[in-house]
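Single-letter residue listing:
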Amino acid sequence: MAITFENLDNDIAGRTGKLGAGKKVIKTPALLPVINPHLMLVTPKELRAMGVEALITNAYIFSQSGQYSEQVRQEGLHRLLDFDGLIMTDSGSFQLSVYGEVSITNEQTLSYQRDIGSDIWVPLDIPTSPDADRLTAERELAITVERLREAKELFGNDAPLAGPVQGGIFPDLREKAGKEVGDLGFSFCPIGAVVPLMEAYRYRELVEVVIAAKRTIPRSSCVHLFGAGHPSMFALAAAMGCDLFDSAAYALYAKDGRYLTSHGSFKVDELTDLPCACTVCRNRTAEELKSAHDRTRLLALHNLAVTLAEIARIRQAITDGTLWELVDDRCRNHPQLLSAYWELLGSNAELEAFDRASKRRFFYRGEESCARTEVLRYQHQLARLRLGENVLVVCDARHREGYDDVLFFKPPFGPYPVELKETFPIGPSEIPPWNVAMIRQGCRGIRMLAESHKESKIMVTGLGSWNKIFWEEVGNTAELIE
Ligand code: GUN
Ligand code: ZN
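Residues numbered from 1 in each chain as written. Chains lettered and ligands numbered in written order. Predicted model: local features only at pLDDT ≥ 70, side-chain atom pairs only at ≥ 80, totals over all residues. Heavy atoms only, no water.

1. Regarding the overall build of the chain
Looking only at helices and strands, the chain features 21 helices and 19 strands. Expected size for 482 residues packed as a compact globule is a radius of gyration near 23 Å; at 26 Å, the chain falls within 12% of this value. Expressed along its principal axes, the backbone C-alpha trace of the chain runs to roughly 85 × 55 × 40 Å. Within the chain, the fraction of its 482 residues that count as buried is 57%. For the chain, restricting intrachain contacts to residue pairs at least 6 apart in sequence, the fraction spanning at least 24 positions comes to 66%. Of the roughly 20,300 Å² of accessible surface on the chain, 49% is carried by carbon and sulfur atoms. If you average the places of the 54 positive and of the 65 negative side-chain charges in the chain, the two averages end up 2 Å apart. (Helix = DSSP H or I, 4+ residues; strand = E, 2+ residues; numbered from the N terminus. Rg over C-alpha atoms; globule rule 2.2 N^0.38 Å. Buried < 20%, exposed > 50% of the residue type's maximum accessible area, 1.4 Å probe, protein only. Contact = heavy atoms within 4.5 Å. Areas by Shrake-Rupley, 256 points an atom, 1.4 Å probe, with all protein chains shown as cover. Lys, Arg positive; Asp, Glu negative; His and termini not counted. Charge placed at Lys NZ, Arg CZ, Asp CG, Glu CD.)

In structure tokens form, the structure reads like this:
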């Protein structure tokens, strides 16, 4: 049975939805914990009890395993792992990117993934290193696309096949890859080869390549961000439309004695307190955790709890329409995340096309909020207002008469007619006392109103000491009156 994806709520380019594969259906965004059969800190059964609906494991490791390769062929993955949820398998591609070669072909790994009962199969794509030059990235992308075509030919359109999107750090190649994978009919599209970017904190480039890929991946496809495991960047990735994450980070960090939080990680040895609500942290002191005989396992359980909670928080934020506020919060925890956030905001015109019309609220959180998709959309819609000849924009509360239309002013959005006073975004937006950034953005709204209503005379009053910003942003397109 083919892979299906149903989109429920939208926020920015993020979405909640349902991913179906075989008889399994899971909520998205979702985290797929990585399970390595040879070193399980947490069992699949325990994952299930923590609310995990899907996990990912590596078919190549199974196929090379003296211990498990026969058993998994006989029992299948679900029985061997004792997990009745959705199981996705990766091919040998990650090993290929680390060791340079694998002893398996595209057809072999896919047949193997089918034979062991995997719910989602990944072809042998080539994860192009971020250091690769353009020619290499192009050549490797061509091979990947060829293997995806071969996979469809060999296993049919109904096989639960993933179509990885490669292209290195070149946005136009990522765009091309997204288009080709979509044209081949893949409804499940992992974005690949981003692990080295994330490991090096190159989040700005990550945003560039993900947005480029999302431009052409069909909207109806489920998007997996391959190897994204640190919870501090999930909100950012979800805002770009990534629906799935897979994490080995919970285990890798645990082995390294590191304690994850949604906004960064700590060396457990440096902790004097445990700032977390999970059972591991509430049932012991920091000292007890550090010296526990099963400390690595306890850390893994904590890291998982934190990671799963962040995914739940993202799903709730998307449902509420408050994802920008969560992204703003998370991206202030590291300068490279802040840089990525600015890159994301710089793509607001593209993101706006995905965003939904009405949300629960808009909280202003600083200058960055001025570039949110809701502000952009509101200001574009100003052109649709029907106005008379003489229009006054009143920026203070004093009432004026003698105009065909009187509009009010709410920064960072700009002018609004009284009919919109209670509707989103004017009504449910909360702003602190006015500041330069929001007045500047609001004045851009006045300018857009004036430029889209050339037959009307737009006059503005009540800006008081903010007049200077009016001159800078509006100039002579509208008239300032006392
Ligand atoms: N795991 C992390 N990155 C990748 C990738 O690009 N391709 C595959 N198949 N697995 C991955
Ligand atoms: Zn905890």
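Having seen it, we continue.
2. So, the environment of alanine 254
By secondary structure assignment, the location of alanine 254 is in helix α12 (residues 249-255). Taking the C-alpha atoms as reference points, alanine 254 and arginine 297, separated by 43 residues in sequence, lie 7.2 Å from one another. Dropping the residues within four chain positions of it, alanine 254 is found in contact with Leu41, Ala249, Thr296, Leu299, Ala300 and Asn303.

3. What about the sheet that holds strand β9 (residues 222-225)?
The sheet built from seven strands is open, its strands ordered β7-β6-β5-β4-β10-β9-β8 with parallel pairing. This sheet does not close on itself; its edge strands, each paired only once, are β7 (120-121) and β8 (188-191). (Pairing = 2+ DSSP bridges.)

4. Some words on the packing of aromatic side chains
Scanning all chains against the criterion turns up 10 aromatic pairs. On the basis of an interplanar angle of 65° and a centroid distance of 5.0 Å, the ring pair of phenylalanine 362 and phenylalanine 413 is categorised as edge-to-face. Remark: phenylalanine 413 occurs in the loop between β15 (405-410) and β16 (414-416) and phenylalanine 362 occurs in strand β13 (residues 362-363); sequence separation between them is 51 residues. Both residues of the pair, phenylalanine 362 and phenylalanine 413, belong to the buried class. Aromatic pair phenylalanine 470 and tryptophan 471: ring centres 5.6 Å apart, planes at 85°, arrangement edge-to-face. What makes tryptophan 471 partly exposed here is its relative accessible area of 47%. An aromatic cluster of three or more residues is present, and its members are Phe362, Tyr378 and Phe413. Of note, arginine 219 hangs over the ring of phenylalanine 354, and the distance from its end group to the ring centre comes to 4.1 Å. For the cation-ring pair, arginine 361 lies above phenylalanine 363, with the distance from its terminal atom to the ring centre recorded as 3.9 Å. (Phe/Tyr/Trp six-rings, centres within 6.5 Å; stacked < 30°, edge-to-face > 60°. Lys NZ or Arg CZ within 6 Å of the ring centre and 35° of its normal.)

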